[in-house]
Amino acid sequence: QVQLVESGGGLVQPGGSLRLSCAASGSIFRLNAMGWYRQAPGKQRELVARISSSRSINYANSVKGRFTISRDNAKNTVFLQMNSLKPEDTAVYYCNAEVPARFGVVNHYWGQGTQVTVSS
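To start, this report covers the structure provided alongside it. (Residues numbered from 1 in each chain as written. Predicted model: local features only at pLDDT ≥ 70, side-chain atom pairs only at ≥ 80, totals over all residues. Heavy atoms only, no water.)

**Considerations on the overall build of the protein**
Along its length, the protein carries zero helices and 11 strands. Each helix and strand of the protein, placed in order from N terminus to C terminus, yields the pattern β-β-β-β-β-β-β-β-β-β-β. Relative to its full complement of 120 residues, the protein shows a buried share of 42%. Pairs at least 24 apart in sequence give 52% of the contacts found in the protein among residues at least 6 apart. Surface exposure of the protein reaches about 6,500 Å², of which carbon and sulfur atoms provide 49%. Across the protein, the mean location of the 13 positive side-chain charges is 6 Å away from that of the 6 negative side-chain charges. (Helix = DSSP H or I, 4+ residues; strand = E, 2+ residues; numbered from the N terminus. Buried < 20%, exposed > 50% of the residue type's maximum accessible area, 1.4 Å probe, protein only. Contact = heavy atoms within 4.5 Å. Areas by Shrake-Rupley, 256 points an atom, 1.4 Å probe, with all protein chains shown as cover. Lys, Arg positive; Asp, Glu negative; His and termini not counted. Charge placed at Lys NZ, Arg CZ, Asp CG, Glu CD.)

This is the structure:
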């Protein structure tokens, strides 16, 4: 089993910044991609940013130029630096890790979620 523990959410004013962290632990031989998703009330969960083991990165169009994803492979940790936050960034943010298993299977693990609220 793999556990993901997130931290760094909170309340921030528009234009402010937050940094999310997610540490993976447990039965990890190797981590493939790690990423951040978010879910606002009444909406589906959506990809925010994803970084592969080789550090290839994808961002949602809505966060390009404002958010930066990075990872520390030695510590199995992924970060999301969020700048110039907008009220529409308000959501529960979930960490995701893709862990390869036997026979070519890739398991997806999720964190418990951390609330980010952007409001004046």
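That covers the picture; the talk isn't over yet.
**Quick notes on the sheet that holds strand β1 (residues 2–7)**
Two orientations exist for strands paired in a sheet by backbone hydrogen bonds: parallel and antiparallel. As summarised here, the arrangement of the four strands in space is β1-β3-β8-β7, forming an open sheet in which the pairing is antiparallel. On the outer flanks of this sheet lie β1 and β7 (67–72), each paired with one strand and no other. Each strand axis lies, on average, 15 degrees off the axis of its neighbour in the sheet, ignoring direction. Two elements, strand β3 (residues 18–26) and strand β8 (residues 77–82), share six bridges in a ladder whose sense is antiparallel. Paired with Ala23 across the strands is Thr77, a residue of β8. (Pairing = 2+ DSSP bridges. Axes fitted to C-alpha atoms, helices over the stretch in contact; angles between N-to-C directions.)

**Overview of the pairing of strand β11 (residues 114–118)**
Alternating residues of β11 divide into Thr114, Val116 and Val118, all buried, and Gln115 and Thr117, none buried. Sheet analysis places strand β2 (residues 10–12) next to β11, joined by three bridges and oriented parallel. Its bridge partner lying in β11, Leu11 is registered against Thr117. As paired strands, strand β9 (residues 91–100) and β11 are joined by three bridges and run antiparallel to one another. Bridging from a neighbouring strand, Val92 pairs with Gln115 of β11.

**With respect to the state of the cysteines**
By the definition in use, this model includes one disulfide. The disulfide bridge from Cys22 ends at Cys95, spanning 2.1 Å between sulfur atoms. On the sign convention where negative is left-handed, the bridge of Cys22 and Cys95, at about -80 degrees about the S-S bond, is left-handed. Here the residue Cys22 occupies a position in strand β3, and Cys95 occupies one in strand β9, the gap between them amounting to 73 residues. The same class applies to Cys22 as to Cys95, namely buried. (Disulfide = S-S within 2.5 Å.)

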